[in-house]
Amino acid sequence: MKRLLALSLVLALPGCGLRPLYAGGGAGPIAQSLRSVAVAPIEGKTGWLVRTALEDRLGGRPGGSARYRLEVLLDDNITAFGIRADDAPTRERRTLRARYKLIEQARGTVVLDATAGSDVGIDVVSSEYATVAAEQTALERLAPLIADQIVTRLALYARNQGGPAQ
């Protein structure tokens, strides 16, 4: 009975409509679509971290022709909470939000306008240096998370809309 159930599930799986997003690996249509996206410069150190993470994930070639341009605006915020009796914070939350637009360069039209965001908790300790280092480490952890969210959304757009390579 268990074997029959397992066999029926295996046979039903192709009919469920699930498809691998990155089928074909680096030569697949989604990967080709992602390589046709150029990332516009993003202001500041946080912008550099996010842009570098995006470029690593998109796999574009510098100087190559891009059909799309990705513009990203960042909002980086540190909020103190867990306040002690002497009004000193014991915890901070670093929040990084990105509003991004995918623009088809030939027509100058926005084809995708979305947001991504994440946050990280930081322990505030008596050493100011340690707290600043923890804030920097939090930023370095947030940048790739934001880039992953953006690239996943771009890949879904490419799959659903036909993207530049399909």
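Small disclaimer: the values here were computed from a predicted structure and weren't measured. (Residues numbered from 1 in each chain as written. Predicted model: local features only at pLDDT ≥ 70, side-chain atom pairs only at ≥ 80, totals over all residues. Heavy atoms only, no water.)

## Let's talk about the overall build of the protein chain
Inference 1: Looking only at helices and strands, the protein chain features four helices and four strands.
Inference 2: Written out in order from the N terminus, the α and β elements of the protein chain read α-α-β-α-β-β-β-α.
Inference 3: Per-residue burial over the protein chain gives 32% buried out of 166 residues.
Inference 4: A separation threshold of at least 6 residues defines the contact pool for the protein chain, and within that pool the share at least 24 residues apart is 63%.
Inference 5: About 10200 Å² of surface is accessible on the protein chain, with carbon and sulfur atoms providing 54% of the total. (Helix = DSSP H or I, 4+ residues; strand = E, 2+ residues; numbered from the N terminus. Buried < 20%, exposed > 50% of the residue type's maximum accessible area, 1.4 Å probe, protein only. Contact = heavy atoms within 4.5 Å. Areas by Shrake-Rupley, 256 points an atom, 1.4 Å probe, with all protein chains shown as cover.)

## Notes on the nonpolar core
Inference 1: Judged by nonpolar contacts, the single largest core of 34 residues is most densely connected at Leu54, Leu70, Tyr100, Ile150 and Leu154.
Inference 2: Ranked by residues supplied to this core, first place goes to helix 4 (residues 128-161) with twelve residues. (Core = buried A, V, L, I, M, F, W, Y, C linked by side-chain atoms within 4.5 Å.)

## What to know about the environment of Leu112
Inference 1: In this fold, Leu112 is placed in strand 4 (residues 109-123).
Inference 2: Exposure remark for Leu112: the relative accessible area of 6% places this residue in the buried category.
Inference 3: Considered as a pair, Leu112 and Leu102 are ten residues apart in the sequence and their alpha carbons are 5.0 Å apart.

## Topic: the sheet that holds strand 2 (residues 68-83)
In a beta sheet, neighbouring strands are held together by backbone hydrogen bonds and run either parallel or antiparallel to one another.
Inference 1: The mixed open sheet is built from four strands, whose spatial order is 1-2-3-4. The open sheet terminates on both sides in strands that have one partner only, identified here as strand 1 (37-39) and strand 4. For this sheet, the mean angle separating the axes of adjacent strands, direction not counted, is 25 degrees.
Inference 2: One ladder, built from 14 bridges, connects strand 3 (residues 89-104) with strand 4; its direction is antiparallel. Across the sheet, residue Arg94 finds its bridge partner in strand 4, namely Val120.
Inference 3: Contacting strand 1, strand 2 and strand 3, helix 3 (residues 44-58) runs over the sheet at an angle of about 130 degrees to strand 2.
Inference 4: Relative to the sheet, helix 4 contacts strand 2, strand 3 and strand 4, its axis offset from that of strand 4 by approximately 150 degrees. (Pairing = 2+ DSSP bridges. Axes fitted to C-alpha atoms, helices over the stretch in contact; angles between N-to-C directions.)

## Let's talk about the confidence of the model for the protein chain
Inference 1: In this model, the protein chain carries a mean pLDDT of 85, and residues with pLDDT of at least 70 account for 78%.
Inference 2: Looking at the elements of the protein chain, mean pLDDT is at its lowest for helix 1 (residues 2-12), recorded as 64, and at its highest for helix 3, recorded as 96. (pLDDT = per-residue confidence, 0-100.)

## Some remarks on unusual backbone geometry
Most peptide bonds are trans, and most residues other than glycine sit at a negative phi.
Inference 1: For Asp87, which is not glycine, the phi dihedral falls at a positive 65 degrees.
Inference 2: Position of Asp87 among the secondary structure elements: in the loop between strand 2 and strand 3.
Inference 3: Given a relative accessible area of 62%, Asp87 falls into the exposed group.

## Quick word on helix 3
Inference 1: A rise of 1.5 Å per residue sets the reference length of helix 3, with its 15 residues, at 21 Å; its end C-alpha atoms lie 21 Å apart and thus fit the reference within 8%.
Inference 2: Those residues of helix 3 that fall on the buried side of the exposure criterion are Thr46, Gly47, Leu49, Val50, Ala53, Leu54 and Leu58. Buried positions in helix 3, seen along its axis, are confined to an arc of 165 degrees and lie on one side of it. Those residues of helix 3 that are exposed and aimed more than 90 degrees away from the buried face are Lys45, Trp48 and Asp56.
Inference 3: Looking at the packing, one finds that the buried side of helix 3 touches helix 2 (29-35), strand 1, strand 2, strand 3 and helix 4.
Inference 4: Count one or two residues on from helix 3 and you reach Gly59, which has phi positive near 70 degrees. (Expected span 1.5 Å × (residues − 1). Arc of directions from axis to C-beta.)

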